[in-house]
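# Descriptive analysis of the structure
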Amino acid sequence: RHPYEMEWTRDETQCPKLAPTAEDPEMFRTMKSFPVRIKYDGKTMLHASILHHYNEFYGSYINASWPRLIVRYEDLIFRPRQVTEAACHCAGGKMMGDG
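The structure presented is a predicted model; accordingly, all values stated were derived computationally and were not measured.

Turning to the overall build of the protein, a few remarks are in order. Of regular secondary structure, the protein possesses four helices and three strands. Taken over 99 residues, the protein has a buried fraction of 16%. In the protein, once contacts between residues fewer than 6 apart in sequence are set aside, the share between residues at least 24 apart is 27%. For the protein, the computed accessible surface area is about 8500 Å², with 56% contributed by carbon and sulfur atoms.

Before going further, it helps to examine the confidence of the model for the protein. Looking at the protein, the pLDDT average stands at 82 and 86% of residues meet or exceed 70. By mean pLDDT, helix α1 (residues 26–29) is the weakest element of the protein at 68, and helix α3 (residues 73–78) is the strongest at 94.

This part is about the pairing of strand β2 (residues 36–40). As paired strands, strand β1 (residues 5–7) and β2 are joined by three bridges and run antiparallel to one another. Bridging across to β2, Glu7 finds its partner in Arg37. Here β2 folds back onto strand β3 (residues 43–47) in antiparallel fashion, the turn holding two residues, of which Asp41 has a positive phi close to 50 degrees.

Attention now moves to a nonpolar patch on the surface. Residues Tyr54, Phe57, Tyr58, Tyr61, Ile62, Trp66 and Ile70 make up a contiguous nonpolar surface patch of about 740 Å² in total accessible area. By the secondary structure assignment, Trp66 is in the loop between α2 (50–62) and α3. On the basis of relative accessibility, which here comes to 45%, the residue Trp66 falls in the partly exposed class.

Our focus in this paragraph is the sheet that holds β1. Within the open sheet, the three strands sit side by side as β1-β2-β3. Their pairing is antiparallel. In this open sheet, the two edge strands, each paired with only one partner strand, are β1 and β3. Taken pair by pair, the neighbouring strands of this sheet meet at an average axis angle of 20 degrees, ignoring direction.

For the structure shown, the criterion picks out three aromatic pairs. Arranged with centres 5.0 Å apart and planes meeting at 90 degrees, the rings of Phe57 and Tyr58 form a pair that is edge-to-face. Aromatic pair Phe57 and Tyr61: ring centres 5.8 Å apart, planes at 65 degrees, arrangement edge-to-face. Of this pair, Phe57 and Tyr61 both sit in helix α2, four residues apart, which is roughly one turn of that helix. With relative accessibility at 39%, the residue Phe57 sits in the partly exposed group. For Tyr61, a relative accessible area of 37% gives the class partly exposed. Each member of the aromatic cluster is reached from another via a ring pair, and the members are Tyr54, Phe57, Tyr58 and Tyr61.

So, how was this worked out
- Residues numbered from 1 in each chain as written.
- Predicted model: local features only at pLDDT ≥ 70, side-chain atom pairs only at ≥ 80, totals over all residues.
- Heavy atoms only, no water.
- Helix = DSSP H or I, 4+ residues; strand = E, 2+ residues; numbered from the N terminus.
- Buried < 20%, exposed > 50% of the residue type's maximum accessible area, 1.4 Å probe, protein only.
- Contact = heavy atoms within 4.5 Å.
- Areas by Shrake-Rupley, 256 points an atom, 1.4 Å probe, with all protein chains shown as cover.
- pLDDT = per-residue confidence, 0-100.
- Pairing = 2+ DSSP bridges.
- Patch = residues over 30% accessible without salt bridge, like charges linked within 9 Å, V, L, I, M, F, W, Y side chains within 5 Å.
- Salt bridge = Lys/Arg side-chain N within 4 Å of Asp/Glu carboxyl O.
- Axes fitted to C-alpha atoms, helices over the stretch in contact; angles between N-to-C directions.
- Phe/Tyr/Trp six-rings, centres within 6.5 Å; stacked < 30°, edge-to-face > 60°.

Given below as structure tokens:
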């Protein structure tokens with residue numbers, strides 16, 4: 001893992017702020033989304049929105065040529081046994097004991 005810094009427009013009613021609303025100043029209302037700036041390892045990358053950043057980031061895993069298993073954190077928290085059993089089965093293993 002590498003440390004990084006992400007900057008985007010925030011306000012008290014919407015975080016993250018994905019797109020302008022009627023309440024925003026007029027200069028923002030013509031924009032389709034708020035850009036996101038990512039700084040890491042001495043580089044700065046600009047994305048059209050936080051969703052564009054996540055699509056690129058996770059797309060590198062989804063489109064990878066090697067085998068992978070993607071598990072949502074929320075699924076591990078709310079259904080740990082079922083997710084662990086499914087992951088073990090997927091990898092050709094099985095749960096031992098009470099899990």
